[in-house]
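Overview (structure and organization)
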Amino acid sequence: MHSLYLRWSKTMIIQNAIVCDINGERKVDVRIENGVITEVSPHLNDTEILDAKGLYLLPSLVDTNIRLQDSILNAKNIKTISDEARLGGIGHIVLNPDSTPAIDNEIVLEYAQNTLGELQGAQVDLMLNSLKEDTTLSDIAILLKKGVVAPFMSTIAKNDIAIKIAEYVQMYKVTLFCKAEDNSLISSGVMLDGDISSQLGLAGIPDLSEVLHVSRMIEIARHFKIKILFKSIASPRSISLIHKAKKDGVEVTCEVSIHHLLKSDQECIDFNTTAKLDPPLATHSDMLTLQDALKNSQIDCLTTLHQPSSPLNKEVAFYDAAYGCEAISLALPLYFTKLVSSGMITMNKLIQLCVANPAQSIGLKKGLIEVGQKAELILFDPTPTQLLHNPQSLYNGEILHGKVNIIKGL
């Protein structure tokens, strides 16, 4: 029963699991027929029974901030990321569009979409890059009609372009995925501007790069009455602005990566390129403030911010190294160990942050285990431990708790 792939048939009952969704934990059995939940009740019976005693039965996770190996868009990299996501308990991912080539025209979109139907791992969706390389508008309307789930915009866009993008978002009633950054402030920096960057002699990026543009985009959201999800926020001040705007009725939400909650710019000491992230890791005190924001429900979505790079692009001088680290294949053990077991949040709050809210941002309803829902489920065993051996992970050498058991066929 504790093998990675568990038996599945067209009709089955999962018994004795700790069923957990956004409404909390309960001890019930779950009947699944043809991939749909048809009954949730104690003491169900059938010929096909999976005894999941001691395991959590959870909705599979959703992550809308994933990049491919070296950000290269091809069939092999898409298949790899889909399979790795599934291993980490993630059933649905959305790829960032600022890849090579970028998803900013019909040809690239169709090329990417042609690979999606053959995947055996996590479902993969695509967002569109609203800006072309020359910062002019891409074919937003056409790409939205052809199946991308959200437009992505960096705030390097000038005001007139940002307003045009907002008008498209308003017209098509989608959520704008927004990366808040200032082109003039990020162009030469490689980590957060502060004491650590000074010690290392590295050019820094001030957190104002993010905060200034969060404020600007909040006002655009307010004016056009559109939804914005701010991607991979790193500054507590940004979260404060977003939280206040939400209280005022502006439809803005924020996403934070697991790394920014657990690691600070001190990880960059000794020129550790694994800690070179975009956005850069915050100071230790700001990291603790981000944790408080999580506990106080001021953060809406979590992401692994998975951005894998080949050693050729990582094992170089810090200034020249690619951004990003790996996390997707151990996503749920990482979330469980660092956030749930530590008491920072509950398991059902994790489902809200890693399933329901990110799914809602792309127009889907997930996070519930109830009759009529697709059985997009995983079993999670919280007892096993593993010592992580991966130099591309910020958690290399740390012990993680838990193992994802995939129900094959779901």
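The structure this text deals with has already been given above.
This text gives an overview of the structure that appears in the document. In this text, all values refer to a predicted model and were calculated from it rather than measured experimentally. (Residues numbered from 1 in each chain as written. Predicted model: local features only at pLDDT ≥ 70, side-chain atom pairs only at ≥ 80, totals over all residues. Heavy atoms only, no water.)

**Points about the overall build of the protein**
Threshold: Put simply, DSSP H or I for four residues or longer makes a helix, DSSP E for two residues or longer makes a strand, and each gets a number counted from the N terminus. Here the globule rule reads 2.2 Å times residues to the power 0.38, and the radius of gyration is calculated from C-alpha atoms. The Shrake-Rupley method, run with a 1.4 Å probe, gives the accessible areas here. Residue values count only the displayed protein chains as cover. Only four residue types enter the charge count, namely Lys and Arg as positive and Asp and Glu as negative; His and the chain termini do not. Note that the charge is assigned to NZ on lysines, CZ on arginines, CG on aspartates and CD on glutamates.
On a plain count of helices and strands, the protein comes out with 13 helices and 20 strands. The C-alpha radius of gyration of the protein comes to 21 Å, within 12% of the 22 Å expected for a compact globule of 410 residues. Seen through its C-alpha atoms, the protein measures out along the principal axes to roughly 65 × 45 × 45 Å. Accessible surface for the protein amounts to roughly 17000 Å². Of this, 50% is attributable to carbon and sulfur atoms. Of the side chains in the protein, 37 bear a positive and 47 a negative charge, and the two mean positions are spaced by 5 Å.

**Quick look at the sheet that holds strand S13 (residues 175-179)**
Just so we agree on the cut-off: Paired strands, as defined in this entry, are two strands with at least two bridges between them according to DSSP. For helices, the axis comes from a line fit to the C-alpha atoms of the stretch in contact; other axes are also lines fit to C-alpha atoms, and the angle between any two N-to-C directions lies between 0 and 180 degrees.
Sheet architecture is open: eight strands sit in the order S9-S10-S11-S12-S13-S16-S17-S18, paired in parallel fashion. Two strands bound the open sheet, and with one partner strand each, they are strand S9 (61-66) and strand S18 (301-303). Pairs of neighbouring strands in the sheet enclose a mean axial angle of 30°, with direction left out of account. Direction of pairing for S13 relative to strand S16 (residues 227-230): parallel, over a ladder of four bridges.

**Topic: helix H7 (residues 208-224)**
As a reminder of what qualifies: The length a helix should cover is 1.5 Å for every residue beyond the first. The buried label applies to any residue whose accessible area, calculated with a 1.4 Å probe on protein chains only, is under 20% of its type's maximum; exposed applies above 50%, and partly exposed to all values in between.
Over its 17 residues, H7 runs 24 Å from end to end, which matches the ideal 24 Å to within 8%, given 1.5 Å per residue. Among the residues of H7, those classed as buried are Ser 209, Glu 210, Val 211, His 213, Val 214, Arg 216, Met 217, Ile 218, Ile 220, Ala 221 and Phe 224. Following H7 by one or two positions, Lys 225 has its phi on the positive side, about 55°.

**Examining the nonpolar core**
Convention followed: To define a nonpolar core, start from buried Ala, Val, Leu, Ile, Met, Phe, Trp, Tyr and Cys residues and group those joined through side-chain atoms within 4.5 Å.
Phe 230, Leu 302, Leu 339 and Leu 350 are the most contacted members of the largest nonpolar core, which totals 104 residues. Ile 14, Ile 37, Leu 50 and Leu 377 belong to the second largest nonpolar core, which has 17 residues in total.

**Structural notes on the pairing of S13**
Here is the rule we go by: By the criterion used throughout, a crossover qualifies as right-handed when its path from the first strand across the helix to the second strand runs clockwise, the strands pointing away from the viewer.
Buried residues dominate S13, accounting for five of its five residues. Neither face of S13 is open: one carries Thr 175, Phe 177 and Lys 179, the other Leu 176 and Cys 178, and all of them are buried. Examined bridge by bridge, strand S12 (residues 150-154) and S13 share three bridges and lie parallel to one another. When the sheet's bridge partners are listed, Ser 154 is paired in S13 with Lys 179. What joins S12 to S13 is helix H4 (residues 159-172), and the crossover it makes is right-handed.

**Description of the side chain of Lys 276**
Rules: Residues count as neighbours in contact if any of their non-hydrogen atoms are within 4.5 Å of one another.
Secondary-structure assignment places Lys 276 in the loop between helix H9 (258-262) and helix H10 (284-295). Look past the residues within four positions of Lys 276 in its chain and what remains in contact with it is Val 190, Lys 314, Phe 318, Tyr 319, Asp 320, Ala 321, Ala 322, Tyr 323 and Gly 324.

**Some thoughts on the pattern of salt bridges**
This is how it is decided: By definition, a salt bridge exists where a carboxyl oxygen of Asp or Glu is found within 4 Å of a side-chain nitrogen of Lys or Arg.
For the structure on display, the rule yields 16 salt bridges. Here Asp 83 and Lys 79 are joined by a salt bridge, their closest N and O atoms 2.8 Å apart. Highlighted residues: Asp 83 and Lys 79, both in helix H1 (residues 75-87), separated by four residues, approximately one helical turn. The partly exposed category is assigned to Lys 79, whose relative accessible area is 46%. Salt-bridge contacts for Lys 179 lead to Glu 181; the nearest nitrogen and oxygen are separated by 3.2 Å. Taking the relative accessible area as the measure of exposure, Glu 181 reaches 12% and is therefore buried. Residues joined in a network through salt bridges with shared partners are Arg 31, Glu 39 and Asp 46.

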